[in-house]
Amino acid sequence: MSLGAALLDLLVPPKCPFCQRVLDDPRAPVCPGCQPRLPWLTGGAGEGKAGFLEGCFSPLRYQGQVRQAVHRYKFQRVRAYGRPFGALMAQCLRDNLPQGAGLVTWCPLSRERLRERGFDQARILAAEVGRQLSLPVLPTLRKIRHTRPQSELEDGQARRANALGAYALLPGAAVAGKQVVLVDDVVTSGATLSECACLLRLAGAQAVWGLTLARAGQGEREDKNNPKKVGKND
């Protein structure tokens, strides 16, 4: 931990992102109380397949405390959650991809959404995953078409159509021959991740693995106005 981060922890003690209590161990991503109660995805449940991805790993199910914590992170702009979320994601990748990868990148927001939100939540997660795993974190994509939030769409076909053609490779994206980890916050259908992975594969990436904090099942949609509402997310 850097000196600056240590001083910040003294001034603003880190809190558990799920129950919001001050952590006894500031290095821990989760408090001992939440650890056994969270909806962990274990074994094959934590890995999914989608389109051009080799696989997609997620440590948690998108429900209950996890859904509420993601909403605080994205919509209440609690950026500090990027550190514990990224730590959980990095451990998930270690467990599921022991051979490692060559670089980490992310599914970017559109300029309009970035102005609205003030930060790119996937970029922060990717930076922490890269820091935890000592991997380079590189921007490789940009969103060229502002789209409806995937969370507003009810089925996989609509999500795929919404994501189609919405992204482009950045000039000079150096992914040829590399194993790439593609980061986002939550996955449901995988339409966004698959669209981005397709571009990376066309640019020569050897393989693209998705990595998200949480996986939403059918009937679990994100609603920023009501975190407890049931529906779908991507």
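Procedures and definitions
Residues numbered from 1 in each chain as written. Predicted model: local features only at pLDDT ≥ 70, side-chain atom pairs only at ≥ 80, totals over all residues. Heavy atoms only, no water. Core = buried A, V, L, I, M, F, W, Y, C linked by side-chain atoms within 4.5 Å. Buried < 20%, exposed > 50% of the residue type's maximum accessible area, 1.4 Å probe, protein only. Helix = DSSP H or I, 4+ residues; strand = E, 2+ residues; numbered from the N terminus. Salt bridge = Lys/Arg side-chain N within 4 Å of Asp/Glu carboxyl O. Pairing = 2+ DSSP bridges. Phe/Tyr/Trp six-rings, centres within 6.5 Å; stacked < 30°, edge-to-face > 60°. Lys NZ or Arg CZ within 6 Å of the ring centre and 35° of its normal.

A short note on the nonpolar core
Argument step 1. With 39 residues, the main nonpolar core has Phe18, Phe85, Val183, Leu211 and Leu213 as its most contacted residues.
Argument step 2. Only helix H2 (64-75), helix H3 (82-96), strand S4 (103-106), helix H5 (121-133), strand S7 (179-187) and strand S8 (207-215) provide two or more residues apiece to this core.
Argument step 3. Among the nonpolar cores identified, the runner-up in size contains 19 residues, and Leu141, Val175, Val180 and Ala205 belong to it.

Notes on the pattern of salt bridges
Argument step 1. This model, assessed by the stated rule, comprises five salt bridges.
Argument step 2. A salt bridge links arginine 27 to aspartate 25; the shortest N-O distance between them is 3.2 Å.
Argument step 3. Residue classification places arginine 27 among the exposed positions, given a relative accessible area of 69%.
Argument step 4. By relative accessible area, aspartate 25 is classed as partly exposed at 33%.
Argument step 5. The partner of lysine 74 in a salt bridge is aspartate 185, with the nearest N and O atoms 2.9 Å apart. Residue lysine 74 is found in helix H2, and its partner aspartate 185 is found in strand S7; the two are separated by 111 residues along the sequence.

Remarks on the pairing of S8
Argument step 1. Counting buried residues in S8 gives nine out of nine residues, a clear majority hidden from the surface.
Argument step 2. As paired elements, strand S2 (residues 55-57) and S8 share three bridges and run parallel to each other. Within the sheet, the bridge partner assigned to cysteine 56 lies in S8 and is glycine 210.
Argument step 3. In terms of strand pairing, strand S3 (residues 60-61) meets S8 through two bridges, oriented parallel. By the bridge assignment for S8, arginine 61 is matched with arginine 215.

Re the packing of aromatic side chains
Argument step 1. Counting across every chain of the model gives five aromatic pairs.
Argument step 2. An angle of 45 degrees between the planes, with centres 5.9 Å apart, marks the rings of phenylalanine 18 and phenylalanine 85 as tilted. With phenylalanine 18 in the loop between helix H1 (3-11) and strand S1 (47-48) and phenylalanine 85 in helix H3, this pair connects stretches of sequence that are 67 residues apart. Each of the two residues, phenylalanine 18 as well as phenylalanine 85, counts as buried.
Argument step 3. An aromatic cluster is built from Phe18, Tyr73, Tyr81, Phe85 and Phe119, whose rings are joined through pairwise contacts.
Argument step 4. Here the guanidinium or amino end of arginine 67 rests over the ring plane of tyrosine 62, the centre of that ring lying 5.5 Å away.

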